[in-house]
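# Tertiary structure, described
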Amino acid sequence: MAELGLFLFAIKQLLIIIMLGEWRISLWEIVLWFHFALFIFRLLYHKLCWSQEEEADKAAVSVVSKSETRRELERLQKTERPTSLLFAFLYREHPPAKYRRLRHI
């Protein structure tokens, strides 16, 4: 995993050098571009994480009883901070327990 992080860092540095030299983009425009790209990739990342949570909930129902899964999601719902779906989608890796409980169980 560390190798992948180092590789992505090197790619980012190479992209900055190309932007500064070849494309004649200012440093300010590069910062804005990376923030926009980070936002797009964050949305894709969180969509992937949420779909994995949905699969995990379905697997939990198939392995343990539906009532036990529901009880654990209710317990999780009591302990987590209440957030809107938009906030959870943008800033958290997991969907709220309330959403998960209503959607699958």
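Coordinates for the structure precede this section.
Residues numbered from 1 in each chain as written. Predicted model: local features only at pLDDT ≥ 70, side-chain atom pairs only at ≥ 80, totals over all residues. Heavy atoms only, no water.

### Side note on the overall build of the chain
For clarity, the cut-off: Helix and strand definitions follow DSSP, with helices as H or I runs of at least four residues and strands as E runs of at least two, each counted in order from the N terminus. Taken over C-alpha atoms, the radius of gyration is set against a globule rule of 2.2 Å times the number of residues to the power 0.38.
Each helix and strand in the chain was counted, giving 5 helices and 0 strands. Going residue by residue from the N terminus, the α and β elements of the chain occur as α-α-α-α-α. In terms of overall size, the chain is more extended than a compact globule, its C-alpha atoms giving a radius of gyration of 20 Å where 105 residues would be expected to give roughly 13 Å. For the C-alpha atoms alone, the extent of the chain along its principal axes is close to 60 × 30 × 20 Å.

### A short note on the environment of Ser-62
Note the threshold: Under the rule applied, a polar contact is a pair of N or O atoms within 3.5 Å (in protein, one hydrogen donor and one hydrogen acceptor; residues adjacent in sequence only if both atoms are side-chain atoms).
Tracing the chain through its elements places Ser-62 in helix H2 (residues 27-63). Within the local environment of Ser-62, its side chain forms a polar contact with the backbone oxygen of Ala-59, the two atoms lying 2.8 Å apart.

### Quick word on the packing of aromatic side chains
Threshold: In this analysis, rings of Phe, Tyr and Trp, with Trp reduced to its six-membered ring, are considered paired at centre separations within 6.5 Å, and the interplanar angle assigns stacked below 30 degrees, edge-to-face beyond 60, and tilted for intermediate values. Type-normalised accessible area, obtained with a 1.4 Å probe on protein chains alone, sets the label of each residue: buried when under 20%, exposed when over 50%, and partly exposed for intermediate values.
Within the structure shown, the criterion is met by 1 aromatic pair. With a centroid separation of 5.6 Å and an interplanar angle of 40°, the aromatic rings of Trp-50 and Tyr-99 are classed as tilted. Here Tyr-99 lies in helix H5 (residues 97-104) and Trp-50 lies in helix H2, a separation of 49 residues in the sequence. Judged by its relative accessible area of 7%, Trp-50 falls in the buried class. The exposure class assigned to Tyr-99 is partly exposed, which follows from its relative accessible area of 21%.

### Digging into the pattern of salt bridges
Put simply, the rule is: Salt bridges are defined by distance alone: a side-chain nitrogen of Lys or Arg within 4 Å of a carboxyl oxygen of Asp or Glu.
Under the criterion given, the structure shown has 4 salt bridges. Here Arg-100 ties to Glu-53 by a salt bridge, and the two come within 3.4 Å at their closest N and O atoms. Here Arg-100 is found in helix H5, whereas its partner Glu-53 is found in helix H2, with 47 residues between them in sequence. The pair Arg-100 / Glu-53 is uniform in exposure class, with both members buried. Ionic contacts of the salt-bridge type, sharing partners, join the residues Glu-53, Asp-57 and Arg-100 into one network.

### What about the packing of helix H1 (residues 2-21) against H2?
This is how it is decided: The convention used is that axes are lines fitted to C-alpha atoms, helices contributing only their stretch in contact, and that angles between N-to-C directions extend from 0 to 180 degrees. Angle categories: roughly parallel below 35 degrees, roughly antiparallel above 145, roughly perpendicular from 65 to 115, and oblique for all the rest. When the near helix sits turned anticlockwise from the far one by under a right angle, the crossing is termed left-handed; a clockwise turn instead gives a right-handed crossing. Residue contacts follow a heavy-atom distance rule, with two residues in contact if any of their heavy atoms lie within 4.5 Å.
The interhelical angle for the contact between H1 and H2, taken along N-to-C directions, is 140°, at an axis separation of 10 Å. As the angle between them shows, H1 and H2 are arranged oblique. For the crossing formed where H1 meets H2, the hand is right-handed. Here Lys-12, Leu-15, Ile-16, Met-19 and Leu-20 of H1 lie close against H2, whose contacting residues are Leu-27, Ile-30, Trp-33 and Phe-34.

### Examining the layout of surface pockets
To be explicit about the condition: Computed over the protein atoms alone on a 1 Å grid, cavities are sets of points where a 1.4 Å probe fits but cannot get out and pockets are open sets with protein on both sides within 12 Å along at least five of seven lines; a residue lines them when it has an atom within 4 Å of a point. Grid points are joined across faces, edges and corners, and a volume is the space filled by probe spheres set on the points. When residue character is reported, Ala, Val, Leu, Ile, Met, Phe, Trp, Tyr, Cys and Pro are called nonpolar, Asp, Glu, Lys and Arg charged, and the others, Gly included, polar.
Taken as a whole, the largest pocket spans an internal volume of roughly 300 Å³. Leu-8, Ile-11, Lys-12, Leu-15, Trp-33, Phe-34, Ala-37, Leu-38 and Phe-41 together form the lining of the largest pocket. Elements with a minimum of two residues in the lining of the largest pocket: H1 and H2. Take the lining of the largest pocket: its biggest share by element is 5 residues, from H2. Residue composition of the lining of the largest pocket, grouped by class: 8 nonpolar, no polar and 1 charged.

Everything listed here is a matter of coordinates, which is why it stays silent on function.
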